[in-house]
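Read off the chains here:
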Amino acid sequence: MFRMGKEEIDAVARVINSKQLFRINDYAREVDHFEEELSAKMGVEYSLCLTSGTAALISALAGLGIGPGDEVIIPGYTFMATATAVLAMGAIPVIIEVDDSLTIDPIEIEKHITQYTKAIIPVHLIGFPCNMDKIMEIAKKYNLKVLEDACQADGGSYKGKRLGTIGDAGAFSFNFYKIISAGEGGAVVTNNRTIYQRALVYHDGGSAFRPFAKGLEFPIFLGQQYRSNEITGAILREQLKKLDDILTDLRKVKNIFINKLTGVENVTFVRSNDSEGDCGTTLGFAFDSQEEARKFATYKSGDQGVDGWLPIDSDKHIYCNWEPILNKRFGHHPTTNPFNMPENKGRLMDYSKNMCPTTLKLLSQTVFISMNPDWSEAEIDTRIQCCKEALKK
Ligand SMILES: *Cc1c(COP(=O)(O)O)cnc(C)c1O
């Protein structure tokens, strides 16, 4: 969450005054409008707003028809929800390496494809775009579905196309930590009518009783209750209006850092698959050792610190810390645990803490500095000076 204020307060007041807080009431239209506005902004046919990014991933996977017996390839550097969404469908997440862009390594994707692989989930973590050209090429070659996890990349792009709109479907999150926010929230985007309708039905257990159920092209099935509400919808409409300005300002700040630090001795930036489409939330520096990375991240010059952090410390965003998954505990009951399902016998689930050594090495030698779109020029300059000093030492 970067910018929230009067517009959101007025939007919430509007909904409360209308007494129409429930999406499916006749006069409630905030979430409907948000979905239309999101589709327009993203340039897609269909958008579905729901309760969280995890709900978005799960409903999109339901939309894609993923289930027991399927393998879904995901990167070892992502929030754990990417993996749990796959397991929620009864499928097995195949965890693989990232490359020096810190996004899923296309070469490793190809190495892990089996007769059971059904989908790939490239994750645009930290707002860093994945190598979508390569990923789509592989998906086409092996007839795989692509679900983009754009939960940390609301509004970002790859070669001019919005992240989340390149694969078969995309998932966004609007939780507190994301680029735009309603506290909690998420969305699925797709150009595929069947994926949309299946995600729609899955996300709303009561959908059988709703008017749109008449337009469905398949018999209704039951799913979950991930339906959004009008207050969330109203906040998200205001946030969506601010999205492109937030991204412009984040990118501006990040580019000042890059321009002023380029050519400075010892500086290497994390490689980007598309530096223009990058969300600008985070500047990444690559070092040769964890020791050098830590020294840089914690450097202080008077009151001003580099204020960096190492992604190796980011806990549930690295596969080796997904303790329940590494130990194959999922769900509340042994027979609903995908790891125990007979359909999943022989699937790739040989997890271990050091199964992706390249990922761990890269994450331990990287320093991130979080950007703020509202920093003044003077603040940016002081921070850059501090980085320069730190790089000299
Ligand atoms: C935040 C996040 C999610 C889950 O989003 P929630 O809204 O918290 O459920 C999924 N994937 C990634 C990569 C995320 O960063």
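Residues numbered from 1 in each chain as written. Predicted model: local features only at pLDDT ≥ 70, side-chain atom pairs only at ≥ 80, totals over all residues. Heavy atoms only, no water.

A. Spatial organisation of the nonpolar core. Counting 120 residues, the largest nonpolar core has Leu61, Tyr77, Ile109, Phe257, Phe285 and Phe296 as the members making the most contacts within it. Ranked by residue count, the leading element in this core is helix 8 (residues 230–261), at 10 residues. Other than its neighbours up to four places away in sequence, phenylalanine 296 contacts Phe285, Phe287, Val306, Val367, Ile369, Cys387, Ala390 and Leu391. (Core = buried A, V, L, I, M, F, W, Y, C linked by side-chain atoms within 4.5 Å. Buried < 20%, exposed > 50% of the residue type's maximum accessible area, 1.4 Å probe, protein only. Helix = DSSP H or I, 4+ residues; strand = E, 2+ residues; numbered from the N terminus. Contact = heavy atoms within 4.5 Å.)

B. The arrangement of helix 4 (residues 81–88) in detail. Most of helix 4 is tucked away: six of the eight residues are buried. Those residues of helix 4 not exposed but buried are Ala81, Thr82, Ala83, Ala85, Val86 and Leu87. The inward-facing, buried residues of helix 4 contact helix 3 (53–64), strand 2 (71–75), strand 3 (92–96), strand 5 (145–149) and helix 10 (323–326). Looking at the residues trailing helix 4, positive phi occurs at glycine 90, about 85 degrees.

C. Here's a closer look at the packing of helix 2 (residues 30–42) against helix 8. Relative orientation of the contacting elements helix 2 and helix 8 amounts to 25 degrees, with a least axis distance of 8 Å. By the angle class used here, helix 2 and helix 8 are roughly parallel. At the point where helix 2 passes helix 8, the crossing takes the left-handed sense. Residues Glu30, Val31, His33, Phe34, Glu37, Leu38, Lys41 and Met42 of helix 2 form the contact with helix 8, whose participating residues are Glu230, Gly233, Ala234, Leu236, Arg237, Leu240, Leu243 and Asp244. (Axes fitted to C-alpha atoms, helices over the stretch in contact; angles between N-to-C directions. Parallel < 35°, antiparallel > 145°, perpendicular 65-115°, else oblique. Left-handed = near helix turned anticlockwise from the far one by under 90°.)

D. Region of interest: the pattern of salt bridges. The tally for this structure, following the rule as stated, stands at 30 salt bridges. With a shortest N-O distance of 2.8 Å, arginine 23 and aspartate 32 are connected by a salt bridge. For arginine 23, a relative accessible area of 7% puts it in the buried group. The partly exposed category is assigned to aspartate 32, whose relative accessible area is 22%. (Salt bridge = Lys/Arg side-chain N within 4 Å of Asp/Glu carboxyl O.)

E. Local environment of the pairing of strand 5. Strand 5 sits mainly inside the fold: four of its five residues count as buried. As paired strands, strand 5 and strand 8 (residues 169–173) are joined by three bridges and run parallel to one another. Note on strand 8: the bridge partner recorded for leucine 147 is alanine 169. (Pairing = 2+ DSSP bridges.)

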